[in-house]
Amino acid sequence: MSSSANSIPLILDVDDFKGDFSFDALFGNLVNEHLPSFQEDDADSTEGHDGLSNGHSRVPPSAQGSAAPLFPAVEDLLSLFKDSCRELVDLRHKIDGRLHQLKKEVTVQDSKHRKTLSELEKGVDGLFDSFARLDSRISSVGQTAAKIGDHLQSAESQRETASQTIELIKYLMEFNSSPGDLMELSPLFSDDSRVAEAAAVAQKLRSFAEEDIGRHGVPVPSGMGTTNASRGLEVAVANLQDYCNELENRLLARFDAASQRRELSTMAECAKILSQFNRGTSAMQHYVATRPMFIDVEVMNADIKLVLGDHGLQSGPTSIARGLTALYKEITETVRKEAATINTVFPSPNDVMSILVQRVLEQRVTAILDKLLVKPSLVNLPPVEEGGLLLYLRILAVAFEKTQELAKELRSVGCGDLDVEGLTESIFLVHKDEYPEYEQASLRQLYQAKMEELRAESQQQSDSSGTTLRSKTTSAMPSHMQISVTVATEFVRWNEEAISRCTLFSSQPADLANNVKLVFTCLLDQVSQYTTEGLERAREGLNEAAALRERFVIGASVSRRVAAAAASAAEAAAAAGETSFKSFMVAVQRCASSVAIVQQYFMNSISRLLLPIDGAHVASCDEMSTTMLNMENTAYKGLQQCIDTIMAEVERLLSAEQKTTDYRSPDDGNVPDHRPTNACTRVVAYLSRVLDAAFNALEGTNKQAFLTEVGNQLHRVLVSHWQKFTFNASGGLRLKRDITEYGEFVRSFNAPSIDEKFELLGIVANVFIVAPESLASLFEGTPSIKKDALRFIQLREDFKTAKIASRLSNLTAET
């Protein structure tokens, strides 16, 4: 901008500030005329120097005084800015004035607008009131119209009802003309194309007439005339019944003809019309009754042939099960095919399926079950050779299980509301009511047959050997007469099979528990009787051996020949006793194994089935305990006999083998014999041999008690035996060696009380070894042996010569 331009006033207008106003643009427009020249001068002055830093030129201070001004156009711009400022202030005053004027105008317009809105609101409220009155009026008119429509509809309905009633009365008058006269009826009742309509009208007329008769009671005589016509509708009822019967028969004949031709549409049409007669029950039953499987005798014969084959019931449960499976599969397929037809033909297929399935179970299935389930007599049982009661029970179980499967299959095919499972249960009810008695009788029959079989084997073996058990001197029991774990296992297997049938036939837990308890009690009785008899037979061997021992006891004054024969016979009796002892131990072991099998079976299979009845589990446990107690009592008697047998042989060996010189060897200067005596060696060898069977047969507390008793009896026998001898010092050493040998043997009994007794015997034996003057000191160390020691001291060889009695007089007096 030149200096001359400064005299031109700056003109700014309000419009300049409208739109996209930018102060930077305004400022740039003001200074653009002066800024270019300044930028050129500034560019020249900065050549060869650094640029501006923070708005200041980097020149030496000495040169700043003489340099040209940095902004030479500042005066021009300042004048311009002042003019601009003046213009802006004037514009502001103008704008303020215009804003004030606009504010007043806006206030006035706003007041007018508010007034207008208020008037509009009043008008809208009035309009809403008008609409509400109009809506109320419309609603009232609509309700009135609806009432009028209802009245019109009711009137129309009454008109139609009256018209139909008139028609029905006309038809009723036709049927009430004369008894049995159906020749003068309207064409409606004879036109085959209007059968459905005729059936509907006939049903209505019959209902009306029966209702009228019921309302007026017994009719008066017909001489009262037509004024009492309502009381003479019995004729109409009779004629209507005859007509309905004739029409129903006609429809059933048409239905049969269509059924033979497989015209399902015609069958469906007839079934629909027949549904008006007793809800179509006659058509349903007629259709089911005419199925070939219910009327064809060949079908029945084929069923029996398929299930029983050529051998009848003797073909066995497995074969019968296969036959029933095939038969029931064929029945299911037949019912499935019939279901397809029924669903197409009948308006209520579920009702027809109920009738069909019920007829299948009650006729076809029951017919084959009657051939299968011939209930045997419990008085005259069928022979075991022909299967016995077990064959009947097995066939019953197979038939019940397969029939249940058939019921499930029929349920899946469809049987309406029929309780097919309940119907199946009812078919077998006559058999299930007496089932527990048959199951128990069967188990008893099996047991008796098994015992007869074992006795027959025993007799056969006895006959083949030419002698009987009692005549054998060995007292050995034949293996088939001994208790067999295999036989006890067979008892359990019978019981398991019976329990499986109980589970099958007992639908309620309480019934199942009762039946299981009865069946398990049979097992306890069988095992108890079998094992007890086996133990008794084993005891017979012990008794025979005892009788043999007593038979060959002889006195002292006999010849050598007689004594030798008696000794030989005694050895034979001893061998028989040892054999019978081992046989009894085998019996005890097998008895224990049989009981263990029963207990395990009870825990695994029976226990959980008894829980539904309070006390059933406890009662069965008590019965099992009683059974075991009976067996234990028998076993206890036999074990006591075993101990008697052992002790008898020990006494015989001691008597036969023990020599007088064993405990009073001469003092010849030779080295004393420190070996056990021959009698001791023989006794220990015998005990080791026979008690090995007891170690294997007995367990737990039974074993401990038996061995403890053997130890006590052995101690008593030995003490009694040694009381017969006289001992010197070397003999005392020999006795001490025997006691040590016996003590070593009884230590295997694991009975501390027995060990203690033999240890005390070893100490007592010292009374034969110590000098007479040292005997008193012997009791000071172990006073508990005083009583036994005083008895043994009297057996010293020098008891009298050494005057030992006087030496021990004080001890004897104290005793």
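Residues numbered from 1 in each chain as written. Predicted model: local features only at pLDDT ≥ 70, side-chain atom pairs only at ≥ 80, totals over all residues. Heavy atoms only, no water.

Structural notes on the packing of aromatic side chains
Scanning the entire structure with this criterion turns up 17 aromatic pairs. Judged by centre distance (4.3 Å) and plane angle (25 degrees), the ring pair of Phe727 and Phe768 falls under stacked. Pair noted here: Phe727 is in the loop between helix H21 (700-722) and helix H22 (729-746) and Phe768 is in the loop between helix H23 (752-764) and helix H24 (775-781), with a separation of 41 residues, a long-range link. Phe768 shares its class with Phe727; the two are buried. Ring pairs connect the aromatic residues Tyr663, Phe725, Phe727, Phe768 and Phe792, which therefore count as one cluster. Directly above the ring of Tyr287 sits Arg291, whose terminal nitrogen or CZ lies 3.9 Å from the centroid. Note that Arg359 overlies the ring of Phe294, its terminal NZ or CZ placed 5.1 Å from the centroid. (Phe/Tyr/Trp six-rings, centres within 6.5 Å; stacked < 30°, edge-to-face > 60°. Helix = DSSP H or I, 4+ residues; strand = E, 2+ residues; numbered from the N terminus. Buried < 20%, exposed > 50% of the residue type's maximum accessible area, 1.4 Å probe, protein only. Lys NZ or Arg CZ within 6 Å of the ring centre and 35° of its normal.)

A word on the pattern of salt bridges
One pass over the structure, following the stated rule, counts 26 salt bridges. For the salt bridge of Arg291 with Glu338, the shortest nitrogen-to-oxygen distance reads 3.7 Å. Here the residue Arg291 occupies a position in the loop between helix H7 (281-289) and helix H8 (292-295), and Glu338 occupies one in helix H10 (residues 317-345), the gap between them amounting to 47 residues. Of the two residues, Arg291 and Glu338, neither departs from the other in class, the shared state being buried. Here Glu497 ties to Arg394 by a salt bridge, and the two come within 2.6 Å at their closest N and O atoms. Highlighted residues: Glu497 in helix H16 (residues 485-505) and Arg394 in helix H12 (residues 388-413), separated in sequence by 103 residues. Residue Glu497 is classed as partly exposed on the basis of its relative accessible area of 23%. (Salt bridge = Lys/Arg side-chain N within 4 Å of Asp/Glu carboxyl O.)

Remarks on the packing of H7 against helix H11 (residues 349-372)
Relative to each other, H7 and H11 sit at 40 degrees, their axes nearing to 10 Å. Taken together, the axis directions place H7 and H11 in an arrangement best described as oblique. Between H7 and H11 lies a crossing whose hand is right-handed. Facing H7, whose interface residues are Met284, Gln285, Tyr287, Val288 and Ala289, H11 presents Asp351, Val352, Ile355, Leu356 and Arg359. When grouped by side-chain class, the residues that make up the contact of H7 with H11 number 7 nonpolar, 1 polar and 2 charged. (Axes fitted to C-alpha atoms, helices over the stretch in contact; angles between N-to-C directions. Parallel < 35°, antiparallel > 145°, perpendicular 65-115°, else oblique. Left-handed = near helix turned anticlockwise from the far one by under 90°. Contact = heavy atoms within 4.5 Å. Nonpolar A, V, L, I, M, F, W, Y, C, P; charged D, E, K, R; others polar.)

Digging into the side chain of Thr634
Here Thr634 lies in helix H19 (residues 616-657). The exposure class of Thr634 is buried, given its relative accessible area of 7%.

Here's the deal with the nonpolar core
Membership of the largest hydrophobic core comes to 165 residues, with the highest contact counts inside it found for Leu691 and Phe706. For this core, the element with the most residues is H12, which contributes 14 residues. Aside from chain neighbours lying at most four places away, what touches Phe706 is Phe581, Met585, Leu639, Cys642, Ile643, Ile646, Leu691, Ala694 and Leu698. (Core = buried A, V, L, I, M, F, W, Y, C linked by side-chain atoms within 4.5 Å.)

Observations regarding the packing of H10 against H11
Put simply, H10 and H11 touch, their axes get as near as 11 Å, and they point 160 degrees apart. In terms of orientation, H10 lies roughly antiparallel with respect to H11. As H10 runs across H11, the sense of the crossing is right-handed. Every residue of H11 that contacts H10 at Ile320, Leu324, Leu327, Tyr328, Glu330, Ile331, Val335, Glu338, Ala339, Ile342 and Asn343 is listed here: Pro349, Val352, Met353, Leu356, Val357, Val360, Arg364, Val365, Ile368, Leu369 and Leu372. When its residues are assigned to classes, the contact of H10 with H11 shows 18 nonpolar, 1 polar and 3 charged.

Structural notes on the layout of surface pockets
For the second largest pocket, the calculated volume is near 580 Å³. Elements with a minimum of two residues in the lining of the second largest pocket: helix H18 (560-606), H19 and H21. It is H19 that provides the largest number of residues to the lining of the second largest pocket, a total of 8 residues. (1 Å grid on protein atoms, 1.4 Å probe; cavity = no way out; pocket = protein on both sides within 12 Å on 5 of 7 lines; lining within 4 Å. Points joined across faces, edges and corners; volume = space filled by probe spheres on them.)

Overview of the environment of Glu386
Tracing the backbone shows Glu386 in the loop between H11 and H12. Counting along the chain gives 72 residues from Glu386 to Gln314, while the straight-line C-alpha distance between them is 7.4 Å. With sequence-adjacent residues up to four places away left out, Glu386 is seen in contact with Gln314 and Leu391.

Describing unusual backbone geometry
In the Ramachandran plot, Arg262 falls in the positive-phi region, its phi being about 60 degrees despite a non-glycine side chain. Mapped onto the elements, Arg262 comes out in the loop between helix H5 (234-260) and helix H6 (264-274). A positive phi is found at Asn750, a non-glycine position, where the angle reads about 55 degrees. Relative to the helices and strands, Asn750 resides in the loop between H22 and H23. Its relative accessible area of 59% is what places Asn750 among the exposed residues.

Focus on the confidence of the model for the protein
Model confidence for the protein is summarised by a mean pLDDT of 80, while 74% of its residues fall at 70 or above. For the stretch residues 45-67, pLDDT sits under 50, and the model shows 5 contacts to residues farther than four places along the chain or on other chains. Across residues 218-231, confidence stays below pLDDT 50; counting only partners more than four residues off in sequence or on other chains, it has 7 contacts. (pLDDT = per-residue confidence, 0-100.)

A few points about the state of the cysteines
This structure, assessed with the given rule, holds 0 disulfides. Sulfur of Cys522: no disulfide; nearest cysteine sulfur belongs to Cys502 and is 9.6 Å away. (Disulfide = S-S within 2.5 Å.)

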